[in-house]
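# Residue-level structure breakdown
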Amino acid sequence: MTNKITFLPSGITFDAKPGMTVLEAAVEAGLYIDAPCGGNGICEHCKVGLVTPEGEKTVLACQTDVEEGMTVRLAEAEEHRILETGYESEFTVNSALSRDGSGAVFFGKTLLGSLDKQKRLCAMAFDIGTTTVVGYLLDVETGDTLSTVSMLNPQSKFGADVIARANYAIQNGGEILANTIRQALSSLIIEASGEAGINREQIYLVTVVGNTCMHHLLLGIPTNTLVLAPYKPVTVDALQLNAGEYGVHANESAVLLVLPNISGFVGADTVGGILSSNIDREEPMTLLVDIGTNGEMVLGNKHRLCSCSTAAGPAFEGALISVGMRGAKGAIDHADFSDGKVNVSVIGGVEAVGVCGSGLIDIIAQLVVNGIVDESGRIVSKDELSDEKARKLAENVGEKDGTKVFWLTKNVCITQKDVREVQLAKAAIASGIELLMRRLGVTTKDVERVMLAGAFGNYMSPKSACAIGLIPKELESKIIPIGNAAGQGSKMAALSKSEYLRSIDIGRKTEYMELAGMPEFNDVFMENIEF
């Protein structure tokens, strides 16, 4: 016996098994509902409209069981701001994918097929992020990027962070997550091919970078070793596979090249970032930071590289924040409280409906700088302040649902809990940076460059990041946003066999520092909690 549910506005119906929630039914039906907490009822982002004879009421999809004849309305899909460009270092185009004068196509010395000499020989390079997926269609003979495509990672309906997805795979089997990302890659290949005016049969090589969890989920590798002691990946090796056998549809003989991981929580995306930033070849002591749902950091130079990962959580991606959202229309992406006024920038120039990561950092920084949030992270009241400008700003302090809040607009506010979430996330990143410097025996004076990779690092204000202690203030002038460095690394591996081999060397020689096993971590973390 099943219960029929209808999803609006698509009109799609689905026969749900008894006990299924609306979220589970939507996932099974191939529909998207934002559920950063993985359906645990914590984030309250999976709100849907339950249609009843009395009207429509809002419920949480993860907490509502499907009943026979139920109709629910899903939120309309939003257009998100996805970072596609990145730091481009110079390298020689000399792909392992090539063809001879007769048109025979080879990967190394292996014959893959043939292609008319008048048609472009292509590769597809992917960066599979926890939140977004970006793909680059490349001409491997000229090095030209023919098309760039992107989408939200559809696995996010199973949870916002790697831990939630790994646990989902353990509890429900990893096949559904594997199929979800494989279908996504295939659809992006079709989209990119259409934009460039080529046939996907011309794509004989697919390269992939991603964090270790995304890597395991794509390849159908069990994730239990990532979330259970001793937190080791099943494999860290670079892999050469047949793309079609893993549900990634390009040419039927296409090679799937997966770059190496470093550890359970520092993956091929970090290897790609090191590759494209060249820090493994250069003398300056460099800190490479990718701040996302999982904060990966690398410190070093051509003599030594050391990495770590911190459980920053998804706060910087908008999850677990009361009004948090990804970088889409209606999100506050920057803020300034000069002259005692709350000034916000909103993506799309519309009325604010929430706050994305870069806006969150600006807001917390402004609250701290103006004394509205004290060193401990507490939102203070107007009568606790003496400065006139601060007192004027504090008029925006109020209460909502029994907790202190700061109103940014008439509909959007930051709560005390939101401030605490940022404290935890920024303390995790700051602690990782401090302990990396200790491991290499350097100080902030020795660090010559700070390269911020990823979307959050690209849009985030360095000044705000340093104001809240996310990054040491002494490093503010040394910060360089380098965009989607992981994606650039994936492109380099597709276009140059020597760069691909270099990625293998990077994976082998980059040390990994396990923060959870360091007795001093808790003390350093607590020191970094305060603003």
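Keep in mind that what you see is a predicted model, and the values were worked out from it rather than measured.

## Regarding the overall build of the chain
For the chain, the helix and strand inventory stands at 14 helices and 26 strands. The C-alpha radius of gyration computed for the chain amounts to 24 Å, which stays within 12% of the reference 24 Å derived for 531 residues, consistent with globular compactness. Considering the chain as a whole, with its 531 residues, one finds that 57% of them fall into the buried category. Sequence-distant contacts in the chain: of pairs separated by 6 or more residues, those separated by 24 or more amount to 64%. Separation between the mean location of the 45 positive side-chain charges and that of the 66 negative ones in the chain comes to 2 Å.

## Focus on the pairing of strand β2 (residues 12-16)
One ladder, built from 5 bridges, connects strand β1 (residues 3-8) with β2; its direction is antiparallel. When the bridges of β2 are listed, Lys4 appears paired with Asp15. Connecting β1 to the antiparallel partner β2 that follows it, the hairpin turn spans 3 residues, and Gly11 within it adopts a positive phi of roughly 80 degrees.

## A closer look at helix α14 (residues 521-529)
Phe521, Val524, Phe525, Asn528 and Ile529 are the residues of α14 that are buried. End-on view of α14: buried residues confined to an arc of 145 degrees, all on one side of the axis. More than 90 degrees from the buried face of α14, the exposed residues found are Asn522, Asp523, Met526 and Glu527. Where the residues of α14 are buried, they touch α9 (416-440).

## Some details on the sheet that holds strand β16 (residues 295-300)
The sheet built from 6 strands is open, its strands ordered β25-β24-β15-β16-β17-β26 with mixed pairing. Of all the strands in the sheet, just β25 (479-483) and β26 (511-512) have a single pairing partner and so form its edges.

## Here we look at the environment of Val380
You can see Val380 is positioned in the loop between α7 (357-369) and α8 (388-393). Considered as a pair, Val380 and Gly441 are 61 residues apart in the sequence and their alpha carbons are 39 Å apart. Contacts of Val380, omitting those with residues within four sequence positions, involve Gly371, Ile372, Asp374, Leu385, Val397 and Lys404.

## Details of the environment of Gly267
Structurally, the position occupied by Gly267 is in the loop between β14 (255-258) and α6 (268-277). The class of Gly267 is buried, set by a relative accessible area of 0%. In sequence terms Gly267 and Ser102 are 165 residues apart; their C-alpha atoms lie 39 Å from each other. Setting aside anything within four residues of it in sequence, one finds Gly267 in contact with Gly210, Asn211, Thr212, Pro260, Asn261 and Ile262.

## Comments concerning the side chain of Ser503
Summarising the element assignment, Ser503 is placed in helix α13 (residues 497-509). Ser503 sits in the buried class, given a relative accessible area of 0%. Apart from residues no more than four positions distant in its own chain, Ser503 is found in contact with Leu259, Pro260, Val271 and Leu275.

## Some details on the packing of α6 against α13
Close contact between α6 and α13 brings their axes to 9 Å; oriented N to C, the two are set at 120 degrees. Taken together, the axes of α6 and α13 are oblique relative to one another. For the element pair α6 and α13, the recorded crossing hand is right-handed. Judged by residue contacts, Val271, Ile274 and Leu275 of α6 engage Glu499, Arg502, Ser503, Ile506 and Gly507 from α13. When grouped by side-chain class, the residues that make up the contact of α6 with α13 number 4 nonpolar, 2 polar and 2 charged.

## Describing the sheet that holds strand β20 (residues 354-355)
The strand order across the open sheet built from 3 strands is β19-β18-β20, with neighbouring strands paired in mixed fashion. Taken across any chain shown, the strands that pair with only one partner, and hence form the sheet edges, are β19 (343-346) and β20. Direction of pairing for strand β18 (residues 331-336) relative to β19: antiparallel, over a ladder of 4 bridges. From the neighbouring strand, Asp336 faces β19, where its bridge partner is Asn343. The strands that α7 touches are β18 and β20; relative to β18, the one it contacts most, it runs at about 30 degrees.

## Side note on the pairing of β16
Of all 6 residues that make up β16, 6 are buried, and the element is covered over most of its length. Burial along β16 is two-sided: Gly295, Met297 and Leu299 and Glu296, Val298 and Gly300, pointing in opposite directions, are all buried. Bridge count for strand β15 (residues 286-290) against β16 is 5 bridges, and the pairing is antiparallel. Across the sheet, Val289 pairs through a bridge with Met297, a residue of β16. Two elements, β16 and strand β17 (residues 305-310), share 6 bridges in a ladder whose sense is antiparallel. By the bridge assignment, Glu296 is partnered in β17 with Ser309. In textbook terms, the turn of a hairpin is the stretch between consecutive antiparallel strands, and for β16 and β17 this stretch comprises 4 residues.

## Digging into the nonpolar core
Counting residues in hydrophobic clusters, the biggest one holds 71 residues, and the most contacted among them are Ile364, Leu470 and Ile471. Among the elements that make up this core, the one with the highest residue count is α9 (11 residues). Leaving out residues up to four positions away in the same chain, Leu470 has contacts with Ile291, Phe316, Lys426, Ile429, Ala430, Ile433, Phe456, Met460 and Ala465. In this structure, Leu23, Cys62, Val72 and Ala169 belong to the second largest nonpolar core, which totals 62 residues.

## Let's talk about unusual backbone geometry
With the exception of glycine, the majority of residues adopt a negative phi angle, and the majority of peptide bonds are in the trans configuration. Cis geometry is adopted by the peptide bond preceding Pro9, which originates at Leu8 and carries an omega value of 5 degrees. Tracing the backbone through its elements, the reader meets Pro9 in the loop between β1 and β2. In this structure, Asn278 takes a positive phi of about 70 degrees despite not being glycine. Structurally, Asn278 is set in the loop between α6 and β15. According to the relative accessible area criterion, Asn278 is buried, its value standing at 12%.

## Re the packing of aromatic side chains
Inspection of every chain in the model, using the stated rule, returns 3 aromatic pairs. Each ring, one from Phe521 and one from Phe525, has its centre 5.8 Å from the other, and the planes form 35 degrees; the classification is tilted. With Phe521 and Phe525 both in helix α14 and 4 residues apart, the pair spans about one turn of that helix. On the basis of relative accessible area, Phe521 is assigned to the buried category, the value being 16%. The residue whose ring lies beneath Lys491 is Tyr136, and the NZ or CZ to ring-centre distance is 4.8 Å.

Analysis parameters
Residues numbered from 1 in each chain as written. Predicted model: local features only at pLDDT ≥ 70, side-chain atom pairs only at ≥ 80, totals over all residues. Heavy atoms only, no water. Helix = DSSP H or I, 4+ residues; strand = E, 2+ residues; numbered from the N terminus. Rg over C-alpha atoms; globule rule 2.2 N^0.38 Å. Buried < 20%, exposed > 50% of the residue type's maximum accessible area, 1.4 Å probe, protein only. Contact = heavy atoms within 4.5 Å. Lys, Arg positive; Asp, Glu negative; His and termini not counted. Charge placed at Lys NZ, Arg CZ, Asp CG, Glu CD. Pairing = 2+ DSSP bridges. Arc of directions from axis to C-beta. Axes fitted to C-alpha atoms, helices over the stretch in contact; angles between N-to-C directions. Parallel < 35°, antiparallel > 145°, perpendicular 65-115°, else oblique. Left-handed = near helix turned anticlockwise from the far one by under 90°. Nonpolar A, V, L, I, M, F, W, Y, C, P; charged D, E, K, R; others polar. Core = buried A, V, L, I, M, F, W, Y, C linked by side-chain atoms within 4.5 Å. Phe/Tyr/Trp six-rings, centres within 6.5 Å; stacked < 30°, edge-to-face > 60°. Lys NZ or Arg CZ within 6 Å of the ring centre and 35° of its normal.

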